[in-house]
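# Fold and contact review
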Amino acid sequence: MRAFGYTVAGSPAEAVRIAASTPESTFVAGGTDLLNLMRDGAEAHDHLVDVNRLGIDGVAVDSRRLRVGGSARMRQVAEHPRVRREFPVLSEALLASASPQVRNMASIGGNLLQRTRCGYFRDAASACNKRVPGSGCPAITGHNRGHAILGGGDHCIATHPSDLAVALIALDATVHLLGPGGERAVPIADFYLLPGSTPDRETVMRPGELITWVDVPRTALAGRSRYLKLRDRATFEFAVVSVAAALRTSGRVVQDVRLAFGGVGTRPWRDTQVEAALRGRPLTGQAIAEAGRLLVRDAEPYEGNRFKVELVQRALVSILSDLGGLR
Amino acid sequence: MSGLVGQGVARVDGRAKVTGAARYAADNEVAGVLHGFLVMSTIARGEVVEIDTGAALAHPGVVAVYTHADMPRLKLPDFPFNRRFIPMQDTRVHHHGQPVAYVLAQTLEQAQEAANLVKVRYRAEHPVARMADVLDEAFLPEKFRNRPNEAARGDAAAALEQAEVRIDQTYSSPMQHHNPIEPHTTTAVWEDGTLILYESTQGVVFARNAVAFAFGKGRESVRVISPYLGGGFGAKGPTYPHTLLTAAAAQLAGRPVKLVLSRAQMYTSNGHRAEYRHHLRLGATRQGMLTAIVDTSTAQVTRVEENIYNGSDSTLRLYACPNVHVRQLGVRLDLPTSSYMRSPETTAHFGLETAMDELSYELGIDPVELRIRNHTEVDQQSETGQAYAGKQLLECYRAAAEAFGWARRSPRPGVTRDGDEYVGWGMATETHTYGVIPSQVHLAIGPDGRATLRAATQEIGTGTYTVLTQVVAEGLGMPLGHVTTLLGDTAYPEASLSAGSSTMPSVAGPAADAARRARDAVIALAVADPRSPLLGVPAEEVVTENGHLFARGDRDRRDTYRNVVTRHGSAVEVTGRQDNTAGHSFGAVFLEVRIQPRLGRLRVTRVVTAHDLGRVLNRRTARGQVIGGVTWGIGFALMEHTMVDPNTARVVNPNLSTYLVPVCADTPSVEALFVDRSEPDGKLLGVRGFGETPGTGVPAAIGNAIYHAIGRRLRDVPFTPDKLL
Amino acid sequence: MIYHGSRFTFKPDITPRQRTEALEGLSDQGRVIPSVRSFVVGRDHSGEYEWGAIFVIEDLDGYREFMTHPARRRAEQIALPLIENIVSFDLTDDPDPEAGVKMAEWRQHDPLPERPVHTRRTVLKAIAVTAAGTAAAGTGIAAAPAAAAAQTAAAQAYAVAPGASVEVALTVNGQLRKVVLEPRVTLLDALRERLGLTGTKKGCDRGECGACTVLADGERVKSCLTLAVMRQGAEITTVEGLARGDELHPVQEAFIRHDAFQCGACTPGQIMSAVACIDEGHAGSEAEIREWMSGNLCRCAAYQNIVAAVADAAKEVRR
């Protein structure tokens, strides 16, 4: 890693100001992805601004929402009794992530901003349109078992590794940002960008912006949610395919449903058409199967990840069957 | 004899390991040391055209950046230096991740960053990385370590033709990496023309020899020290270029140099298990007796090396079969050379044990019964029909089958369910060759009555310190705590490389021999010493126990090691030697898998093993090898796969997050049985090499269990969930 | 008011005349530069350094004048080549957060002549302190009395320029340890390469194997993913700190009893992780232990025994 400077900021405004006036700076909370990105040459920074003492590390629930600080720790959020009870998909997604040690260190903001595990991206000597725009995407003709079947294109097919992001998208979360231009709130559904022809741009965040809070609306739906993560080994692994689902039924009829998918899209994937196909209908195997086919209607599989087309449909069946009490 | 040998004595190096006191190679503090870091090639084939070191040299703290232009001329050592070239002796690039420059700096961080700043220009040639593309170029390589790559007995082609039933299948396994937790490390210190290496090695003697040869020095000018090794599994058996380069850098800089490979660098620096395809044809009678085996395998080799490390030993030896033809072919790819990786025979054995299972279903014969029918007491490759000395494999089948409950097995696949899980049972024979390397030990008993054993063999986690201490303590008749074993230093007598399951069969005998001699020497002193109560007692009437010497008929006539040696005035020192021969260990593994085919989820839920390893020297450490080996088998079968980009020949997952090794949650409880009917013959203790036998049958057993569970036959590892959908 | 100062030790081989000249040059800064209200150059009595110099400067403008004044440059040109170790600091009681930012800026642009670099590290400790913050450990100089300040008024408490080193104070295994290092140094490398604590192992240096696990303020963390500077003031426990003399920690004893290791490379990390795992209350069953210990790889695969050891130790360590 290059020799970088380091500043501890004392408030969000100060952190933003320091970052704005310090070239090649970035924010650091847990550092659990940042250090590897710098070591691997995927990113380079001259200055780190520590955002652990800004007062944005709390977890609170009020009548309207769950508010989680950008610098709150994954473990803190996962083990919060009200998160476990009222937003179980969040807790499950967090506990299925990383390792206990990393969950003690890593922040919510950092988790959302972590970058793809694609081996080509993380290898500084490899071509990669995300890291070096225009250099090519070796994954398309190379190893792509961990890559996307949805939302990709000629430029990039990398998936986003965050389980939390998938869960938050399913719960209609809002990401609050503070930047040199002030504060703004971005629905998480709009937060992540498709790679298109600019895979180096992953989120709507502007230079120098900081994630201060993430709000999740309190709904009955959120309380009936689960996370299913499929991996090649028992645990401590990024998702091969994952599903976050929230489901409310009345009798057998679906009153409302939220679905988000990991491991299959070039960003945490939500398809409202799939949800619409289930809403108002009885929850049957057939209905779920149709929804699954709808989900993969535009799938573009590659040599190594073809199985995901089938597996994500089955994962959908599994999680909705569980939530819907179908077995 | 006090009966220490065989007991599950707790490891004597336990305290050192659990307190962090055990010093591994990278833990040594050397005054004035500089930190080294390698710059690795980013192309897989071609030439280095130019190296711009300007920016690197300008980085604060950087002392030097060496290239091929600076390196001293080194001589290429023989095996076990298993590269056929030394990097940085010329501009040729043979594989991606080959050292092209060496950075030295005051701190590790400076060296790491400076390495990033070295700019290398290449003339790149297009590499060939995919075996499937060049299978038609497979060739029969030269023999390796005196073993030809083609072996035959009888007329396998004809016998196959005439067989009543045939199995003809291809099995495969991908490139895999050892990934010991401790990365390779070398600290080189030159002092007045002598070189000291704190080295992570499974063989201090071989490392010393290779380095001395490379630098054109006498062996006495090089000392290699490695008292603790953080995992080897074959990765640290050979000596590799980075060791030579570090010694060279230290020589050039006139300062000690410490190098620790990064995890990514280990994927191209220390060998790996070669990608492997196995075409296996079995011919048998309707009663299941094997009449023919034609075994043709193809493994990755390189453009400059062609050693085949994955031998079809079990095809040749395990089952009674009069007609066998084995060919071990190689295919040249622009990748680093492969090497031995824990239980190298697993790759071929996986195919054999799977094919046997396929045969059992084809014939409607129970898989265990099929093995029993083809069991042999005779070494099939021996021209004289030499029988194995005490092979208990049949008892292993019986004991493990019973403990597992195999009799309750339903013979039809796909019918056993538990909720939404399909349950499958599979078994396989386990076997592996072990080697022997002539070894010596030195044993000294001091005036304090304590014994110190010295040998230049290694502790790599298998329990060498503990078992040798037991052997000596029992042989002398001393308490365990009175014996200290010192290993891993070429200042000690030359002893076995700790690889190929060779440590125990090579060193236990010499240790026992040394203990016997030392005991005899002390007894001789006592019975001749007027100051000893044992004066005049016939030597064979003296009993040793707990550090005491007694007259057998009269226990009141007694002396102690301490007193005898003190009176003698100087330590009693002996050298121990004992020849032994290579051989095989055997066992059987039975396991249960549970599969949820909707999501392709598989769990290995129950494992029972029974092994015949000759004399069990220490129940705990032997069991450790079983649970370790079984887990390696699970990794081999279900998840391990080094991915190489087909266009650039670069490793795509040079880490521990996308290269998957088993985690704690992957492992079931293993019931490990031992069949020990050995006759400790006093000299060799009935000791065989064992470490690599457990786990050899696990991948096939898992595949066999999968077939039993869902009726699907998988022949290509890893068996990832997508293959189980 | 701005307090700019340094503490330093001369090289052992300089002459008394050289020392006098250096000290005179530093004093000249105080005499000559108008914005200096008062100053002292004299013996440092803390025992850590030999000499110290403090300049009390009126305000930000004065600070800028001071930093760019020729007298200062002259003083540094004379003194710095003769100095072996130096720590410098800047404090202010100005509550405006901008003040700290500006001071950091001017320090960065400070054109210093050759610094003594080779065998000893030159330390620049740069601290800007406001009413709400306190100085980082080691200076022995207290902040100006803290006014009640809202969180948002708290200015930066700590700033290190790129390429500079900083003194980090950690309590390691109960002992206060100070080490001077760059921000890019990980806690793991600080422990192993600078504090002589090699019990914690480096397996992958990327947070993927867990061999580097230590306790930071009681929580298990991966020290290879931790920058030492970010744990300023923390309590670190490593495997060397578990035993009390000859008496091993229950987890250590359980590991020996259950043969929960082979080569031992992952063992310190496993043990620290196990201590925390039990403390967290995640050792209630074998299945739970397996899941919650899976952040620690063991390639020798002694897992079965590790699980048994943790289960056993959990019984002994009363929660």
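Analysis parameters
- Residues numbered from 1 in each chain as written.
- Chains lettered and ligands numbered in written order.
- Predicted model: local features only at pLDDT ≥ 70, side-chain atom pairs only at ≥ 80, totals over all residues.
- Helix = DSSP H or I, 4+ residues; strand = E, 2+ residues; numbered from the N terminus.
- Rg over C-alpha atoms; globule rule 2.2 N^0.38 Å.
- Buried ≥ 20, exposed ≤ 12 C-beta atoms within 10 Å, placed from the backbone.
- Contact = placed C-beta atoms within 7 Å.
- Nonpolar A, V, L, I, M, F, W, Y, C, P; charged D, E, K, R; others polar.
- Pairing = 2+ DSSP bridges.
- pLDDT = per-residue confidence, 0-100.
- Expected span 1.5 Å × (residues − 1).
- Domains from an automatic or database assignment.
- Axes fitted to C-alpha atoms, helices over the stretch in contact; angles between N-to-C directions.
- Core = buried A, V, L, I, M, F, W, Y, C linked by C-beta atoms within 7 Å.
- Parallel < 35°, antiparallel > 145°, perpendicular 65-115°, else oblique.
- Left-handed = near helix turned anticlockwise from the far one by under 90°.

## Side note on the overall build of chain B
If you tally the helices and strands in chain B, you get 16 helices and 27 strands. Taking 2.2 N^0.38 as the reference for a compact globule, 725 residues should give roughly 27 Å; the C-alpha atoms of chain B span a radius of gyration of 27 Å, in line with that estimate. A buried classification covers 62% of the 725 residues belonging to chain B. Counting contacts in chain B only where the partners sit at least 6 residues apart, residues at least 24 apart contribute 81% of the total.

## Description of the overall build of chain C
Across its full length, chain C carries 9 helices and 10 strands. Here the contacts in chain C between residues at least 6 apart in sequence split such that 66% fall between residues at least 24 apart.

## Describing the interface of chain A and chain C
Between chain A and chain C, the contact holds 32 residues from the first and 35 residues from the second. A class-by-class count of the residues in the side of chain A that touches chain C yields 14 nonpolar, 14 polar and 4 charged. Pairing geometry for strand S1 (residues 5-8) of chain A and strand S5 (residues 158-160) of chain C, over 3 bridges, is antiparallel. The residue bridging Thr-7 of chain A from the neighbouring strand is Ala-159 of chain C, located in S5 of chain C.

## Section: the confidence of the model for chain C
When the pLDDT values of chain C are averaged, the result is 82; 83% of them are 70 or greater. Below a pLDDT of 50 lies the segment residues 111-157 of chain C, which in the model reaches 121 contacts outside its immediate sequence neighbourhood of four places, other chains included.

## A short note on helix H9 (residues 346-363) of chain B
All names here are of chain B. Taking 1.5 Å per residue, 18 residues should reach 26 Å; H9 reaches 25 Å between its end C-alpha atoms and fits that length. Where burial is concerned, most of H9 is hidden: 15 out of the 18 residues are buried. Looking at the residues trailing H9, positive phi occurs at Gly-364, about 70°.

## Points about helix H15 (residues 619-638) of chain B
Here H15 of chain B spans 28 Å end to end across 20 residues, near enough to the 28 Å set by a 1.5 Å rise per residue. Extensive coverage of H15 of chain B is indicated by the burial of 18 of its 20 residues.

## With respect to the interface of chain C and chain B
Across the boundary between the two partners, chain C contributes 50 residues, which contact 47 residues of chain B. At the level of elements, helix H5 (187-194), helix H6 (250-257), helix H7 (267-280), helix H8 (286-292) and helix H9 (303-316) of chain C are the ones that each hand at least two residues to the side of chain C that touches chain B. With 4 residues, H9 of chain C is the largest single contributor of residues to the side of chain C that touches chain B.

## Concerning unusual backbone geometry
Residues and elements named next belong to chain B. Cis geometry is found at the peptide bond from Phe-79 to Pro-80, where omega equals 10°. One can find Pro-80 in the loop between strand S3 (62-66) and strand S4 (92-93). Of note, the amide linkage connecting Val-717 to Pro-718 takes the cis form, showing an omega dihedral of 0°. Counting through the fold element by element, Pro-718 comes out in the segment after helix H16 (698-710).

## Overview of the domain arrangement of chain B
Residues and elements named next belong to chain B. Annotation of chain B at the domain level lists domain 1 (14-21 + 436-577), domain 2 (32-126 + 181-231 + 236-269) and domain 3 (276-435 + 582-723). A C-alpha centroid distance of 38 Å is found between domain 1 and domain 3. With 16 residues of domain 1 at the contact, the number on the domain 3 side is 19 residues. At the level of secondary structure, the elements contributing two or more residues to the side of domain 1 that touches domain 3 comprise helix H12 (464-476) and helix H13 (503-528). With 5 residues, H13 is the single largest residue contributor to the side of domain 1 that touches domain 3. Class assignment of the residues belonging to the side of domain 1 that touches domain 3 gives a composition of 8 nonpolar, 8 polar and no charged.

## A look at the environment of Ala-115 of chain B
All names here are of chain B. Note that Ala-115 resides in helix H3 (residues 108-117). Expressed as a C-alpha distance, the spacing of Ala-115 and Ala-292, which sit 177 residues apart in the sequence, is 56 Å. In this structure, Ala-115 is in contact with Phe-37, Leu-38, Val-39 and Val-103, ignoring residues within four places of it in sequence.

## Considering the sheet that holds strand S27 (residues 670-674) of chain B
Neighbouring strands of a sheet are bound in pairs by backbone hydrogen bonds; such pairs are parallel or else antiparallel. Residue and element names in this part refer to chain B. Strand order in the open sheet formed by 5 strands is S16-S17-S25-S26-S27, with mixed pairing between adjacent strands. If you trace the sheet from one side to the other, it starts and ends with strand S16 (417-418) and S27, each paired once. Pairing between strand S25 (residues 583-596) and strand S26 (residues 601-612): 11 bridges, direction antiparallel. Of the residues in S26, the one forming a bridge with Glu-592 is Arg-606. Packed on one face of the sheet, helix H11 (residues 393-404) meets S25, S26 and S27 and runs near 140° to S26. Together, S26 and S27 form the strand contacts of H15, whose direction differs from that of S27 by roughly 130°.

## Focus: the pairing of strand S9 (residues 219-222) of chain C
Sheet analysis places strand S8 (residues 213-216) of chain C next to S9 of chain C, joined by 4 bridges and oriented antiparallel. Across the sheet, the residue bridging to Thr-213 of chain C is Lys-222 of chain C, located in S9 of chain C.

## Observations regarding the nonpolar core
Most often, soluble globular proteins have nonpolar side chains that are buried together. Counting 430 residues, the largest nonpolar core has Val-103 of chain B together with Val-310 of chain C as its most contacted members. Counting residues per element, this core draws most heavily on H13 of chain B, which supplies 12 residues. The contact partners of Val-310 of chain C, leaving out residues within four places of it in the chain, are Ala-274, Cys-277, Ile-278, Ala-283, Ile-289 and Met-293 of chain C.

## Considerations on the pairing of strand S5 (residues 65-69) of chain A
Residue and element names in this part refer to chain A. Two strands pair when backbone bridges link them, and strand S4 (residues 59-61) and S5 are joined in this way by 3 bridges, in the antiparallel orientation. Among the inter-strand pairings, Ala-60 is bridged to a residue of S5, identified as Arg-67. Hairpin connection of S4 to S5: 3 residues between the antiparallel strands. Where S5 lies against strand S8 (residues 210-217), 5 bridges are found, and the strand directions are antiparallel.

## Description of the sheet that holds strand S22 (residues 548-551) of chain B
Residues and elements named next belong to chain B. Read from one edge of the open sheet, 3 strands run S21-S22-S23, paired in antiparallel fashion. Of all the strands in the sheet, the pair left with one neighbour each is strand S21 (542-545) and strand S23 (554-560). Each neighbouring strand pair of the sheet contributes to a mean axis angle of 30°, computed without reference to strand direction. In the sheet, S21 pairs with S22 via 4 bridges, with the strands oriented antiparallel. Counterpart to Thr-544 in the pairing with S22 is Leu-549.

## Comments concerning the packing of H15 of chain B against H16 of chain B
Residues and elements named next belong to chain B. Look at H15 against H16: their axes get within 8 Å of each other, and the N-to-C directions meet at 60°. Judged on the interaxial angle alone, H16 and H15 are oblique. Where H15 crosses over H16, the two elements pack in a sense that is right-handed. Judged by residue contacts, Val-630, Gly-633, Ile-634, Phe-636 and Ala-637 of H15 engage Val-698, Pro-699, Ile-702 and Gly-703 from H16. Taken together, the residues that form the contact of H15 with H16 break down as 7 nonpolar, 2 polar and no charged.

## Notes on the environment of Asn-310 of chain B
With respect to the helices, strands and loops of the structure, Asn-310 of chain B is situated in the loop between strand S14 (290-301) and helix H8 (313-317). Not counting residues up to four positions away in its chain, the partners in contact with Asn-310 of chain B are Ala-274, Tyr-276, Ser-297, Ala-299, Pro-344, Thr-347 and Ala-348 of chain B.

## Structural notes on the environment of Thr-26 of chain A
Residues and elements named next belong to chain A. In this structure, Thr-26 sits in strand S2 (residues 25-28). Thr-26 sits 267 residues away from Arg-293 along the chain, and the two C-alpha atoms are 42 Å apart. Residue contacts for Thr-26: discarding those within four places in its chain leaves His-45 and Leu-48.

## A short note on the packing of H7 of chain C against H9 of chain C
All names here are of chain C. Contact geometry of H7 with H9 gives a least axis separation of 10 Å together with a crossing angle of 45°. With respect to H9, the axis of H7 lies oblique. Considering how the two elements wind past one another, H7 and H9 form a crossing that is right-handed. Of the residues in H9, those touching H7 at Gln-270, Ala-274, Cys-277 and Ile-278 are Ile-306, Val-310, Ala-313 and Ala-314. Looking at the contact of H7 with H9, its residues break down into 7 nonpolar, 1 polar and no charged.

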